[in-house]
Amino acid sequence: MAPDFSKYTDGLMPVIIQDVLTLEVLMLGFMNEEAFAKTQAEGKVTFFSRSKQRLWTKGETSNNFLLVKEILVDCDNDTVLIKAEPQGPTCHTGDISCFGEANDQFSLQQLEKVIIDRKNNPSEKSYTASLFAKGINKIAQKVGEEAVEIVIESKDDNKELFLGEAADLMFHYLVLLQAKGFSLADVLQVLETRHKK
């Protein structure tokens, strides 16, 4: 299905932006045909700004881009849903969503953002930065060590130790993904494809 912009006298179609990982609704904007084509071509959400009367790529000044992962058109071809990976807060207020939801709930996505920050802005005090500095072999080794440790702990009934090792494995796995240039969204996309088969 393709969006039918002719259904609107001003040619502006409502577009809902949803976080591809959390499925949280982030914002509502409007696109004309040109904005829609640019969004498809560049992989970054671009709206038609009614206040500026021009195309506006979300994040063009803040760098909080919305990276397109999937574009869906509703059954009437008059509304678009874009599943995106936000590169920072979506709302100009600093909230993750324009619907007033504060970014105060811990998530794997937040942890991933911290890991990315440690990779891009290393400090001597950061364990995560030290892993990146040691290189891919050391990071992969740590993932292997943590995988063995969780297997060992799974054979006992100590909940605290088992969950601790699960957390260690998850953390080092996320570091490995970033070291290889991938993200949780990339892995979820593979899982989604497999789920559809």
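Residues numbered from 1 in each chain as written. Predicted model: local features only at pLDDT ≥ 70, side-chain atom pairs only at ≥ 80, totals over all residues. Heavy atoms only, no water.

So, about the side chain of S97. Among the secondary structure elements, S97 is positioned in the loop between β6 (80-86) and α2 (108-120). Polar contacts involving the side chain of S97 include one to the main-chain carbonyl oxygen of V25, which spans 3.0 Å. One polar contact links the side chain of S97 to the main-chain amide nitrogen of F99, over a distance of 3.0 Å. Apart from the residues lying within four places of it in its own chain, the contact partners of S97 are E24, V25, L26 and C91. (Helix = DSSP H or I, 4+ residues; strand = E, 2+ residues; numbered from the N terminus. Polar contact = N/O pair within 3.5 Å; in protein donor to acceptor, adjacent residues only side chain to side chain. Contact = heavy atoms within 4.5 Å.)

With that out of the way, let us pick up the pairing of strand β5 (residues 66-73). Examined bridge by bridge, β5 and β6 share seven bridges and lie antiparallel to one another. Across the sheet, residue L72 finds its bridge partner in β6, namely L81. Connecting β5 to the antiparallel partner β6 that follows it, the hairpin turn spans six residues, and N77 within it adopts a positive phi of roughly 60°. (Pairing = 2+ DSSP bridges.)

Moving on to the pairing of strand β2 (residues 25-31). Counting buried positions over the seven residues of β2 gives five, a clear majority of the element. Sheet topology note: the strand β1 (residues 13-19)/β2 ladder contains six bridges and is antiparallel. Looking across to β2, one finds that I16 is bridged to L28. Hairpin connection between β1 and β2: a loop of five residues separates the two successive antiparallel strands, and L23 in this loop has a positive phi of roughly 65°. (Buried < 20%, exposed > 50% of the residue type's maximum accessible area, 1.4 Å probe, protein only.)

What follows deals with the sheet that holds β6. By way of backbone hydrogen bonds, the strands of a sheet pair with one another, either parallel or antiparallel. Strand order in the open sheet formed by four strands is β2-β1-β6-β5, with mixed pairing between adjacent strands. Where the open sheet ends on each side, the last strands, each with one partner, are β2 and β5. Going from strand to strand, the sheet's axes swing by 30° on average, the running direction of each strand aside. Contacts between helix α6 (residues 184-196) and the sheet are confined to β5 and β6, with β5 contributing the most and set at about 25° to the helix. (Axes fitted to C-alpha atoms, helices over the stretch in contact; angles between N-to-C directions.)

Time to look at the packing of aromatic side chains. Taken as a whole and assessed by the stated rule, the structure comprises three aromatic pairs. We note K44 situated over the ring of F65; from NZ or CZ to the ring centre the distance is 3.9 Å. (Phe/Tyr/Trp six-rings, centres within 6.5 Å; stacked < 30°, edge-to-face > 60°. Lys NZ or Arg CZ within 6 Å of the ring centre and 35° of its normal.)

This part takes up the UniProt feature "domain: Phosphoribosyl-AMP cyclohydrolase" (unreviewed entry) in the protein. Those places that UniProt annotates as "domain: Phosphoribosyl-AMP cyclohydrolase" (unreviewed entry) correspond, in this numbering, to residues 27-99. Helix makes up 14% of residues 27-99 and strand 38%, with an end-to-end C-alpha separation of 7 Å. (UniProt positions renumbered as here; feature names shortened; annotations may be inferred.)

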